[in-house]
Amino acid sequence: MNSLPHMHAFLAAVQFLTRVPVPGGMNRPDADRSLLRAAVVFFPLVGGMIGATTGGLIWIAAHVWPPTVAVVLGLAFEAILTGAFHEDAVADCCDGFGGGWTRADVLRIMTDSRVGAFGSLGLALAVLLRIAGLTAIDLPTMVAVSAAAGALGRWAGVFVMSVVPPLPDHTGLSKDVGARVGPRHVAAAASLTMLAAAWYAAIDPVRFAAAVGCVVMASLVWAYYVRRRLGGITGDCAGFACYLGQLLVLLVAAAHPLSAWVGS
């Protein structure tokens, strides 16, 4: 990391990942590459805060409405809070990789603002899986699981940017920042991920360890696939990794205990 104050980097991460007004009248952080590069480390912490807020709202709403309604309301609030940042990446990646055969086709489709059949289907399935996963989680652990999912998901995006070079002919987060994200950023982001996920790790260490393993493996597979298909990463690819990591944590948390698998 550079020598910019940590608080400025944290506020830049908040401003980049959410629509929360940041005190001090800072400009959009993607206009300052050095600030945004420092902010990458704080993505998991901000993701954990977003997840905890969503989980808390779901917990409150579940005392008034059925669980599914509470989850949908919580996710609707999160979409407003984040500007559906990663959902847009999911749709673009599903459209590009689903409908494009060549590298040029994939990139052309991904940069098209319209959402096609693959994007609509992929986003619908991703959101439905997230709703189903959150609905299946025990209400007392909702906030802890949601915070861990938000943190681990954002860490996956940082990790993918560190192992796949950015495409030189594209702009955005991966072009401006990705080339300078390295092991130190990943390690620092991992420490903040553990901080944000500490509650869940204490409540259910086995499922938390399984979730970490799934996120790491999925991030490696996704990084390999993106590098093989495109030769580099785009901002949408990093955003897809964030959503995928978040979803995997929820699916692990919602899975039946191992004893149920073996019939004991």
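Residues numbered from 1 in each chain as written. Predicted model: local features only at pLDDT ≥ 70, side-chain atom pairs only at ≥ 80, totals over all residues. Heavy atoms only, no water.

Engineer: Can you explain the nonpolar core? Please cite residues and give values.
Structural biologist: Of all hydrophobic cores here, the largest spans 77 residues; its most connected members are Phe43, Phe97, Trp222 and Cys237. Among the elements that take part in this core, helix H8 (residues 142-163) stands out by supplying twelve residues, more than any other. (Core = buried A, V, L, I, M, F, W, Y, C linked by side-chain atoms within 4.5 Å. Buried < 20%, exposed > 50% of the residue type's maximum accessible area, 1.4 Å probe, protein only. Helix = DSSP H or I, 4+ residues; strand = E, 2+ residues; numbered from the N terminus.)

Engineer: Mind laying out unusual backbone geometry, listing which residues take part and the relevant values?
Structural biologist: Residues other than glycine seldom take positive phi values, yet alanine 84 does so here, at roughly 50°. If you trace the backbone, alanine 84 turns up in the loop between helix H4 (67-82) and helix H5 (85-99).

Engineer: Pulling in residues and values, what's your account of H5?
Structural biologist: The end-to-end C-alpha distance of H5, which contains 15 residues, comes to 22 Å, matching closely the 21 Å that a straight helix rising 1.5 Å per residue would cover. Within H5, eleven of the 15 residues are buried, leaving the element largely enclosed by the surrounding structure. Where H5 is concerned, the buried positions are His86, Glu87, Ala89, Val90, Ala91, Asp92, Cys93, Cys94, Asp95, Gly96 and Phe97. Those residues of H5 that are buried are in contact with helix H1 (6-17), helix H6 (103-110), helix H7 (117-136), H8, helix H12 (205-230) and helix H13 (235-254). (Expected span 1.5 Å × (residues − 1). Contact = heavy atoms within 4.5 Å.)

Engineer: Can you explain H4? Please cite residues and give values.
Structural biologist: With 16 residues, H4 ought to run about 22 Å at 1.5 Å a step, and its terminal C-alpha atoms sit 22 Å apart, in line with that. Taken as a whole, H4 has its buried residues at Ala70, Val71, Gly74, Leu75, Glu78, Leu81 and Thr82. With its buried residues spanning 130° around the axis, H4 presents them on a single face. Next to the buried residues of H4 lie H1, helix H3 (43-61), H5, H7 and H13. Of the residues flanking the end of H4, it is glycine 83, one or two places downstream, whose phi is positive at about 70°. (Arc of directions from axis to C-beta.)

Engineer: Break down the environment of glycine 74 for me, with residues and values.
Structural biologist: Take glycine 74: it is sitting in helix H4. Linking glycine 74 and threonine 53, residues 21 residues apart in sequence, is a C-alpha distance of 8.7 Å.

Engineer: An account of the packing of aromatic side chains is needed here, citing residue identities and associated values.
Structural biologist: Working definition: an aromatic ring pair is given by the centre-to-centre distance plus the angle between the planes. As enumerated under the stated definition, the model contains nine aromatic pairs in all. Ring centres of phenylalanine 97 and tryptophan 222 lie 5.5 Å apart, and the angle between their planes is 75°; on these two criteria the pair is classed as edge-to-face. Here phenylalanine 97 is found in helix H5, whereas its partner tryptophan 222 is found in helix H12, with 125 residues between them in sequence. Classification of phenylalanine 97 as buried rests on a relative accessible area of 12%. (Phe/Tyr/Trp six-rings, centres within 6.5 Å; stacked < 30°, edge-to-face > 60°.)

Engineer: I'd like a description of the packing of H3 against H4, backed by residues and values.
Structural biologist: Running from N to C, H3 and H4 point in directions that differ by 145°, and their axes come no closer than 8 Å. Considering only the axes of H3 and H4, their crossing is right-handed. Seen from H3, the contacting residues are Ile50, Thr53, Thr54, Leu57, Ile58 and Ala61; seen from H4, they are Ala70, Val71, Gly74, Leu75, Phe77, Glu78, Leu81 and Thr82. Taken together, the residues that form the contact of H3 with H4 break down as nine nonpolar, four polar and one charged. (Axes fitted to C-alpha atoms, helices over the stretch in contact; angles between N-to-C directions. Left-handed = near helix turned anticlockwise from the far one by under 90°. Nonpolar A, V, L, I, M, F, W, Y, C, P; charged D, E, K, R; others polar.)

Engineer: Talk me through a nonpolar patch on the surface; I want residue IDs and the actual numbers.
Structural biologist: A grouping of Leu57, Trp59, Ile60 and Phe77 is seen on the molecular surface, where their side chains present a nonpolar patch of about 360 Å² in accessible area. When you line up the elements, tryptophan 59 lands in helix H3. (Patch = residues over 30% accessible without salt bridge, like charges linked within 9 Å, V, L, I, M, F, W, Y side chains within 5 Å. Areas by Shrake-Rupley, 256 points an atom, 1.4 Å probe, with all protein chains shown as cover. Salt bridge = Lys/Arg side-chain N within 4 Å of Asp/Glu carboxyl O.)

Engineer: Any chance you could break down the packing of H7 against H13 for me, citing the residues and the numbers?
Structural biologist: With their axes 8 Å apart at the nearest point, H7 and H13 run at an angle of 35° to one another. Crossing handedness for the pair H7 and H13: left-handed. Across the interface between the two elements, Ala126, Val127, Leu129, Arg130, Gly133, Leu134 and Ala136 from H7 touch Tyr243, Gln246, Leu247, Leu250, Leu251 and Ala254 from H13. A breakdown of the residues in the contact of H7 with H13 according to their chemical character gives ten nonpolar, two polar and one charged.

Engineer: Please give an account of the pattern of salt bridges that cites residues and values.
Structural biologist: Tallied over the full model, the rule gives three salt bridges. Residues arginine 207 and aspartate 204 are paired through a salt bridge, measuring 3.1 Å at the closest nitrogen-oxygen approach. Classification of aspartate 204 as partly exposed rests on a relative accessible area of 22%.

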